[in-house]
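# Architecture at a glance
As a plain string of letters, each chain reads:
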Amino acid sequence: MAPIRNKPYPAFDMIEAFLNNGSLLQFDKKRLLIGWGEKIFRDNPSYSSEKPTFYFPDFFLEDETKATFNHEFNSLIEVDELTESLNVGSESYDYKWETEGELLFKETVDKHNECFQTNRLKKVVPYVFEAAKWQLKKERIGQWIRSLIKESKPFPLSLYGTWDEHFGLLGATPEILFNLDEDKKELKTIALAGTLESTINEKVLIDQKTFQEHQFVIEGIREDLSPFGKVEIGEREQADFGNLLHFFTPIILKWNTFPSFFEMIRALHPTPALGAYPKFEGFQWLKKYNEALPRYRFGAPAGFSFPAMNKYCCYVAIRGMQWDDKEVRIGAGCGIVKGSKRDEEWKEIKLKMSMIKKLFQIPIKP
Ligand SMILES: C=C(O[C@@H]1C=C(C(=O)O)C=C[C@H]1O)C(=O)O
């Protein structure tokens, strides 16, 4: 069987099993870590085995019972090999999207100054969803994976996803929560915040508001990581994603003692790129917003620890889909700081929604 080495598993059955109950995470630029077959849940999130352990918790890290698991089978597979194996046809589907949370989002932007004063907040990230009714079909998951692999190729995006017969999430994220390098005793992360419409691929200046938005993320990450060792902040850069660009700053923690995977999740998540700043006050804000508009897995950590390969890595689940038997939804948020304006922010939401649809090769209607 070509794509999965050292495993006596017929290709067709493997893909069938993978689409029924599978997980996928970007391992490096060319390879994906995939798991399929039964999920064996571990109640301890720091559970460590020679096999890769997948970690897909809820955003608030409240229900840990189904967050950490091993798959019955797993493999590292080249992205092109997976594409070839996913021979699932190309049936198109007419999604009828309905926006959820538009009013809440717009009011939040309009009233953010008052809210910042009473709650001592400096940055929040409100979000909205577009949802469509559908009937879950596993072939569609295969089509989506193919689309994501193809469309994400030119950009610094990482695939993530997990699903079973009733529920799933899948996407291609620009946001890395962390990557641990045990040999170098380093944790690498990025502050990714600040978005502009991108039509030309040349260096752009950052305006004052976007600069602020970006700096809060750097500060938040610095505060979270400082207890663990020395934090080094790199130079700010920009990355192009087709229809938009983001500013990012690489950050390295040189740790004193090897931190556990879960310790790093608890320390970093949610960063102000996705959450709010300062963290403590921000957490109350996030909870309230979630009561008004449940976010489910939008922005949750999505990662794996793989001791045999010395790799411990976690992404942030944005630029993706979440679904159950009846509905599929895409989410997008954007950073609000003092001076943010509703029309500009709404435009940014629309840009991010278009980016997601493009990644999944879903037609964009005006
Ligand atoms: C919240 C999202 O993205 C985050 C917010 C950004 C911003 O506000 O500029 C940029 C990248 C991400 O950190 C999203 O894609 O939904």
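A brief structural summary. (Residues numbered from 1 in each chain as written. Predicted model: local features only at pLDDT ≥ 70, side-chain atom pairs only at ≥ 80, totals over all residues. Heavy atoms only, no water.)

Our next topic: the packing of helix α3 (residues 102-110) against helix α8 (residues 279-292). The geometry of α3 relative to α8 is characterised by a closest axis approach of 11 Å and an angle of 150° between their N-to-C directions. For the element pair α3 / α8, the angle class is roughly antiparallel. Judged by the twist between their axes, the crossing of α3 over α8 is right-handed. Counting all contacts with α3, which are made through Leu 104, Phe 105 and Thr 108, the residues of α8 involved are Trp 285, Tyr 289 and Ala 292. Class assignment for the residues of the contact of α3 with α8 results in 5 nonpolar, 1 polar and no charged. (Axes fitted to C-alpha atoms, helices over the stretch in contact; angles between N-to-C directions. Helix = DSSP H or I, 4+ residues; strand = E, 2+ residues; numbered from the N terminus. Parallel < 35°, antiparallel > 145°, perpendicular 65-115°, else oblique. Left-handed = near helix turned anticlockwise from the far one by under 90°. Contact = heavy atoms within 4.5 Å. Nonpolar A, V, L, I, M, F, W, Y, C, P; charged D, E, K, R; others polar.)

Across all of its chains, the model carries 0 disulfides by this definition. In this model Cys 313 remains outside any disulfide bridge; the closest cysteine sulfur is found in Cys 314, 7.2 Å from its own. Looking at Cys 313, the relative accessible area reads 0%, which means it is buried. Left unpaired, Cys 334 is separated from the closest cysteine sulfur, that of Cys 115, by 15 Å. (Disulfide = S-S within 2.5 Å. Buried < 20%, exposed > 50% of the residue type's maximum accessible area, 1.4 Å probe, protein only.)

Aromatic rings considered in pairs are described by the distance between their centres and by the relative angle of their planes. Summed over the entire model, instances satisfying the criterion amount to 27 aromatic pairs. Between the aromatic rings of Trp 144 and Trp 323, the centroid separation amounts to 5.1 Å while the plane-to-plane angle is 65°, which identifies the pairing as edge-to-face. Pair noted here: Trp 144 is in helix α5 (residues 138-152) and Trp 323 is in strand β18 (residues 320-324), with a separation of 179 residues, a long-range link. Take Trp 144 and Trp 323: they sit in the same class, and that class is buried. (Phe/Tyr/Trp six-rings, centres within 6.5 Å; stacked < 30°, edge-to-face > 60°.)

Here we take up the site of the ligand. The environment of the ligand is formed by 19 residues, the closest being Glu 175, Thr 195, Arg 319, Gly 333 and Gly 335. Leu 192 is positioned with one of its backbone polar atoms (N or O) 2.8 Å from an oxygen atom of the ligand. At 2.8 Å from an oxygen atom of the ligand is found a main-chain nitrogen or oxygen belonging to Gly 333. Here the ligand, which alone exposes 390 Å², has 100% of that area covered by the protein. For the shell around the ligand, the secondary-structure elements that each account for two or more residues are β11 (186-197), β19 (327-333) and α9 (342-359). For the shell around the ligand, the element with the most residues is β11, which contributes 4 residues. (Near = heavy atom within 4 Å. Polar contact = N/O pair within 3.5 Å; in protein donor to acceptor, adjacent residues only side chain to side chain. Areas by Shrake-Rupley, 256 points an atom, 1.4 Å probe, with all protein chains shown as cover.)

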